[in-house]
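Here is what each chain is made of, one letter per residue.
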Amino acid sequence: MKADDTNNDWQRCFQELAPKLLLYARQWTATAADAEDVVQMAFVRWWQKNPGGNREHIPLLYAAVRSISLDVRKSDVRRAKRELASDLSMPEGDKPYFDPPVEDRENRQLLERAVLSLPADQREVVTLRIWGGLTYAEIAKATGETTNTVASRYRYALTNLHRVLAPHREDLGAAPAPATA
Amino acid sequence: MNDANLEHLLRTMTPAAPSAELTDRVKHDLALAAMFREAAETATPLPAQHRKPMTWASAAFWAGAGAAAAVVVMLALPQGAAISPHGSTLASGKSGNTLPPDAIMPVSTTREWVGVEDQGIRFVTPDNPQRQMQVRTVERYRWIDPRDGAEYIIETPQIESVALPVKFQ
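Residues numbered from 1 in each chain as written. Chains lettered and ligands numbered in written order. Predicted model: local features only at pLDDT ≥ 70, side-chain atom pairs only at ≥ 80, totals over all residues. Heavy atoms only, no water.

Trainee: How should the nonpolar core be read in this particular structure?
Mentor: Membership of the largest hydrophobic core comes to 55 residues, with the highest contact counts inside it found for F43 and W131 of chain A. It is helix α1 (residues 2-25) of chain A that contributes the most residues to this core, ten residues altogether. In this structure F43 of chain A touches W10, C13, F14 and L61 of chain A together with V26 and L30 of chain B, once residues within four positions along its chain are discounted. Judged by nonpolar contacts, the second largest core, of five residues, contains A70, Y141, W143 and I154 of chain B. (Core = buried A, V, L, I, M, F, W, Y, C linked by side-chain atoms within 4.5 Å. Buried < 20%, exposed > 50% of the residue type's maximum accessible area, 1.4 Å probe, protein only. Helix = DSSP H or I, 4+ residues; strand = E, 2+ residues; numbered from the N terminus. Contact = heavy atoms within 4.5 Å.)

The structure is reproduced here in structure tokens:
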């Protein structure tokens, strides 16, 4: 019974966090498959240290994803050199970063391209803030930066996104944001 | 469009879901970790004399003894453990939760190709040409001691000479 509960706990937690972690890992990895490897390693390590999936420790999970991704990227560079030397190469094409949109396909692609065009440090903060749902303080903990740095990167990112999307303002329709309490 | 509108637009995009295979892999890893933890908890602690600080002389002795023991363990490995070329790992560990707590567990055996050297064609007899190849590999054996989680890895470099018959058209 207890084992079943634990099993359900990690699965529930994983189902919730995995898409966000994958998106974050793909900031650095070459392919979606590499990102999945990173998420697997990070989540297993994290869950072993935090068997209950304490939400306070989620920034540590993102930090683990970041650290492992950077390691993988280093080995990717070495592997790419080896493959180039031996005429082996990875197949072209990869999974999209976001689920295929049912509607507004063009607008979604526009937004995705805009996010991908951001400098890496700004994109990282936007990813953690918008899709990871982390606060500035939690992002600072995950990335090892100060809260002020994180906040300013986020502001710069929004400014850049406004600039990139300005010509498409009419297409995007500027949907009203939901009222916050 | 203000910042709130932009954030709202971005949040409408759903990050791509992971593959079903990833969930299975995580499930497998967590089950394996739980199995090791359980085995370690039920194992008897190591005798105190194993933890005494050693002088350099006794350290050298135990290093030699350890190497000899490793060779013995290597020879005693089950021959059914599959070895594949190109470095792929095939688990040869025991399955299920019935681990003997007093034994180290073989986890994997891999053989990695390091390089192949073409040594040219030689004629063993005038009508029997053979291409001589020298294949360099590294065999890697990995064990885990469930009592304390210690991991043991032994690498044995090997050189094999292979003769391939050649036919001239």
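Trainee: How do you make sense of the side chain of R123 of chain A when you look at a structure like this?
Mentor: Residues and elements named next belong to chain A. Secondary-structure assignment places R123 in helix α5 (residues 120-131). Here R123 sits buried without a salt bridge, and the closest side chain of opposite charge, D121, lies 8.3 Å off (N-O distance). Within the local environment of R123, its side chain forms a polar contact with the backbone oxygen of L116, the two atoms lying 3.3 Å apart. Residues contacting R123, with those up to four places away along its chain left out, are Q27, V115, L116 and L118. (Lys, Arg positive; Asp, Glu negative; His and termini not counted. Salt bridge = Lys/Arg side-chain N within 4 Å of Asp/Glu carboxyl O. Polar contact = N/O pair within 3.5 Å; in protein donor to acceptor, adjacent residues only side chain to side chain.)

Trainee: What exactly am I supposed to notice about the environment of R66 of chain A here?
Mentor: All names here are of chain A. Here R66 is to be found in helix α3 (residues 58-85). When the C-alpha positions of R66 and A42 are compared, they lie 9.0 Å apart, and in sequence the two are 24 residues distant. With near-sequence residues (within four places) excluded, R66 lies in contact with Y24, W28, E124, A142 and T143.

Trainee: What is the right way to look at the pattern of salt bridges in this model?
Mentor: As a working rule, side chains carrying opposite charge can pair if their charged atoms are close by. One pass over the full model with this rule turns up 14 salt bridges over all chains. Between R66 of chain A and E124 of chain A there is a salt bridge; the shortest N-O distance is 2.6 Å. Of the two residues, R66 of chain A is situated in helix α3 and E124 of chain A in helix α5; the sequence distance between them amounts to 58 residues. Among the ionic pairs, R25 of chain B bridges to E21 of chain B, the shortest N-O distance being 3.8 Å. Note that R25 of chain B and E21 of chain B are positioned in helix α2 (residues 20-42) at a spacing of four residues, about one turn of the helix.

Trainee: Sorry, what's going on with the side chain of Q134 of chain B here?
Mentor: Inspection of the secondary structure puts Q134 of chain B in strand β3 (residues 128-145). When neighbours within four sequence positions are excluded, Q134 of chain B is seen to be in contact with G115, V116, E117, Q119, I159, E160 and S161 of chain B.

Trainee: Looking at this model, I keep getting lost on α5 of chain A. Mind explaining?
Mentor: Each α-helix winds once per 3.6 residues, and so residues spaced three or four apart point in a common direction. All names here are of chain A. An ideal rise of 1.5 Å per residue puts 16 Å on twelve residues; α5 measures up with 16 Å between its terminal C-alpha atoms. Summarising burial for α5: nine of the twelve residues are buried, a large majority. Those residues of α5 lying buried are Q122, R123, E124, V125, V126, T127, L128, I130 and W131. Where α5 terminates, the next one or two residues include G133, which has phi positive at roughly 70°. (Expected span 1.5 Å × (residues − 1).)

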